[in-house]
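# Close look at the chain arrangement
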Amino acid sequence: MTPLHHKVDLVISGAQIVSHERIVSACVAIHGERIVAVGEPAAMPPSAHVFDASGLHLLPGAIDSHVHFRDPGYPHKETWSTGSGAAAMGGVTTVFDMPNTNPPTGTLDALALKLKAAEHSYVDFGIHGLLGDDTIDHLEALLDAGVSSFKAFVGNTFGNLPAPSDGALLEGFEKLAPLGIRTVVHAENSSIMARRQAQLIAAGRSDALAHLAARPAVCEIEAISRVSILAQWTGARLHIAHHSAADSLYLIEDAKARGVDITVETCPQYLLLNTDSMLKLGGVLRVNPPVRESRHNEPLWQALKSGVIDMIATDHAPHSIEEKTRPNIWECDCGFPGVETQMPIMLTEVNKGRASLTDYVLWSSVNPAKAWGLYGIKGLIATGAHADIAFVDLKKTGLINQSLFQTKAKISPWHGRAVHGMPVHTMVRGRFVVQNGRLLEETLGWGQNIKDVQTMPQPHPQNTEHYSSAMVKTQ
Ligand code: NCD
Ligand code: ZN
């Protein structure tokens, strides 16, 4: 960087700037945490420093709606510094952390512990609070204290949080609808899965594919159908986590056509892996929902392209090597790390011609920013926005190497995969947190809660007359 005379902090020159609509050659001027100009070199204000990004593409940093940073509760699996360091290395500048920590993020005390742990974040973050039968009475208090959104574990998964009753879900939606707050749902049917799993175990199955047999697509179909009905009735905003099945896409299409405010994420594993990979990888690839037969892969891509699925998240779910490699599939912890590898994996697909770079930005940054009330501040490289930028070298090639991960979880189904295109520098609110593929440790703690910039405009609840008189508390 070259010192000039004082005006704005930094001008980035020579790069291609990518949005969901176009790629343009332009400079970006940054002052403090924000972008203050984008344009021709001649239109740039004088700056203290110039950063030459020739040959690179500047993408709005990825916004990952679904990570598990495990702290409080399971720091041997991950901590905020290792998880958010992994995010930064992967070009991810904002993450949303899930509440299946210990204690689960459903009380003010538990939230305080999480916010304390998150002081060690390299990247900006939102906190999904827990929506369950026991938390219904303090959703508003959790929002006031810093959660951005909620998560309902309708399908059982790591942490074994009980699925909310339908009654509690409906009441939660009734409370959150007028506030415009979106609820993430892990959409699988727990009772179907519990019975299937018990039968498979009784029959002596402990092989890799037994996990899929215990969680057939009908579990996802049933749960999406149920929660989208409750969301429609109340006007609540809904977000479907880790959509895995081709067979449940028609319900999303239908819900969107009915006017339900439903957003949907899928993950690289559902687009690119399947039962063939499960046979090779076994417990390393055990995840909820399971990766399915190869016939599901292509329809999920098509759903992203048509807008039925809105975004890519990672479901970054770190566990130790020991927890992932037990011989019996039922004893392998579900989930695996992903926040660090999503961008190189997806850019590789872009380089193969499977999607355009502008599509990728739509799925990785623009649509999540819109879903969580951040668009305008995040999700774009434009004047006024936070300078959250993934500097990408589309020509760079390499192999995913789990032993070099920042995440504590040094075990990944992507290990050994050839990638073409990767982030080389990452900037969060005007500050480089990664440069030349190296995490800058002095930036630990730079990440902030997005709650302060989040705006969720009030929706128009569809059925206020059905609940307002019964539910609104008079104080
Ligand atoms: C996640 C975890 O480990 O916390 N595991 C998983 O298999 N996806 C929980 C979840 O998101 O379901
Ligand atoms: Zn989940």
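Residues numbered from 1 in each chain as written. Chains lettered and ligands numbered in written order. Predicted model: local features only at pLDDT ≥ 70, side-chain atom pairs only at ≥ 80, totals over all residues. Heavy atoms only, no water.

### Some details on the overall build of the protein
What counts here: Numbering goes from the N terminus for both helices and strands, where a helix is a DSSP run of H or I of at least four residues and a strand is a run of E of at least two. In this description the radius of gyration comes from C-alpha coordinates, and the expected globular size is given by 2.2 Å times residues to the power 0.38. Throughout this description, buried means an accessible area under 20% of the type-specific maximum (1.4 Å probe, protein chains only), exposed means over 50%, and partly exposed covers the range between. The contact criterion used throughout is that any non-hydrogen atoms of two residues lie within 4.5 Å. Per-residue accessibility takes into account occlusion by the displayed protein chains alone, with areas from the Shrake-Rupley method and a 1.4 Å probe. For the purpose of counting charges, residues Lys and Arg are taken to be positive, whereas Asp and Glu are taken to be negative. His and the chain ends are not included. All charge positions are set by atom: Lys at NZ, Arg at CZ, Asp at CG, Glu at CD.
Of regular secondary structure, the protein possesses 15 helices and 17 strands. Relative to the globule expectation of 23 Å for 475 residues, the C-alpha radius of gyration of the protein, 22 Å, shows essentially globular dimensions. Its C-alpha atoms put the protein at 70 × 60 × 40 Å along the principal axes. Split into buried and exposed, the 475 residues of the protein put 61% on the buried side. Across the protein, contacts joining residues at least 24 apart in sequence account for 76% of those joining residues at least 6 apart. Surface accessibility of the protein: about 17,500 Å² in total, with carbon and sulfur atoms responsible for 53%. Side chains of the protein give 39 positive and 47 negative charges; the mean places of these two sets differ by 3 Å.

### Some words on the state of the cysteines
Rule in force here: Disulfide assignment relies on a single distance test, namely cysteine sulfur atoms paired within 2.5 Å.
Going through the model one piece at a time under the given rule, you end up with zero disulfides. No disulfide involves Cys-267; its nearest neighbouring cysteine sulfur is the one of Cys-334, lying 14 Å away. Owing to a relative accessible area of 0%, Cys-267 belongs among the buried residues under this scheme.

### Focus on the domain arrangement of the protein
Quick reminder of the rule: Domain start and end points were adopted from an automatic or database domain assignment. Two parts placed together each lose some accessible area under a 1.4 Å probe, and adding up what both lose gives the buried area. The term salt bridge refers to a side-chain nitrogen of Lys or Arg lying within 4 Å of a carboxyl oxygen of Asp or Glu.
Looking at the protein, the domain boundaries give domain 1 (8–59 + 383–396 + 420–474) and domain 2 (61–371). Placing the centre of domain 1 and that of domain 2 at their C-alpha centroids yields a distance of 24 Å. In total, domain 1 and domain 2 occlude about 4,000 Å² of area from one another, counting both sides; carbon and sulfur atoms represent 62% of this. At the junction of domain 1 with domain 2, the criterion picks out one salt bridge. Residue Asp-124 is joined to Arg-429 by a salt bridge in which the shortest nitrogen-to-oxygen separation is 2.9 Å.

### Thoughts on the packing of helix α4 (residues 166–176) against helix α7 (residues 217–234)
Under the convention used in this document: What counts as an axis is a line fitted to C-alpha atoms, over the stretch in contact for a helix, and the angles between N-to-C directions run from 0 to 180 degrees. Handedness of a crossing follows from how the near helix is turned relative to the far one, being left-handed for an anticlockwise turn of less than a right angle and right-handed for a clockwise one.
One can describe the packing of α4 onto α7 by two numbers: an axis separation of 9 Å at closest approach and a directional angle of 35 degrees. The hand of the α4/α7 crossing is right-handed. Of α7, the residues touching α4 (which contributes Asp-166, Leu-169, Leu-170, Phe-173 and Glu-174) are Arg-226, Val-227, Leu-230, Ala-231, Trp-233 and Thr-234.

### Overview of the coordination of the zinc ion (ligand 2)
Ideal donor angles around a metal are set by the shape: a four-donor tetrahedron calls for 109.5 degrees, a six-donor octahedron for 90 or 180 degrees. Stated formally: Sites may look incomplete because water is not among the atoms; the donors themselves are N, O and S atoms within 2.8 Å of the metal, or within 3.2 Å for Na, K and Ca. Working rule for geometry: tetrahedral if four donors all subtend angles between 85 and 135 degrees; square planar for four, octahedral for six, if opposite donors exceed 155 degrees and the others stay between 65 and 115; irregular in every other situation.
The protein atoms donating to the zinc ion (ligand 2) are His-186 (ND1) and His-242 (NE2), with metal-donor distances spanning 2.1 to 2.2 Å. Coordination geometry of the zinc ion (ligand 2): the four donor atoms subtend angles of 55 to 142 degrees at the metal centre, consistent with an arrangement described as irregular. Highlighted residues: His-186 in the loop between β10 (182–185) and α5 (190–202) and His-242 in the loop between β11 (237–240) and α8 (249–257), separated in sequence by 56 residues. The buried category is assigned to His-186, whose relative accessible area is 1%. Taking the relative accessible area as the measure of exposure, His-242 reaches 2% and is therefore buried.

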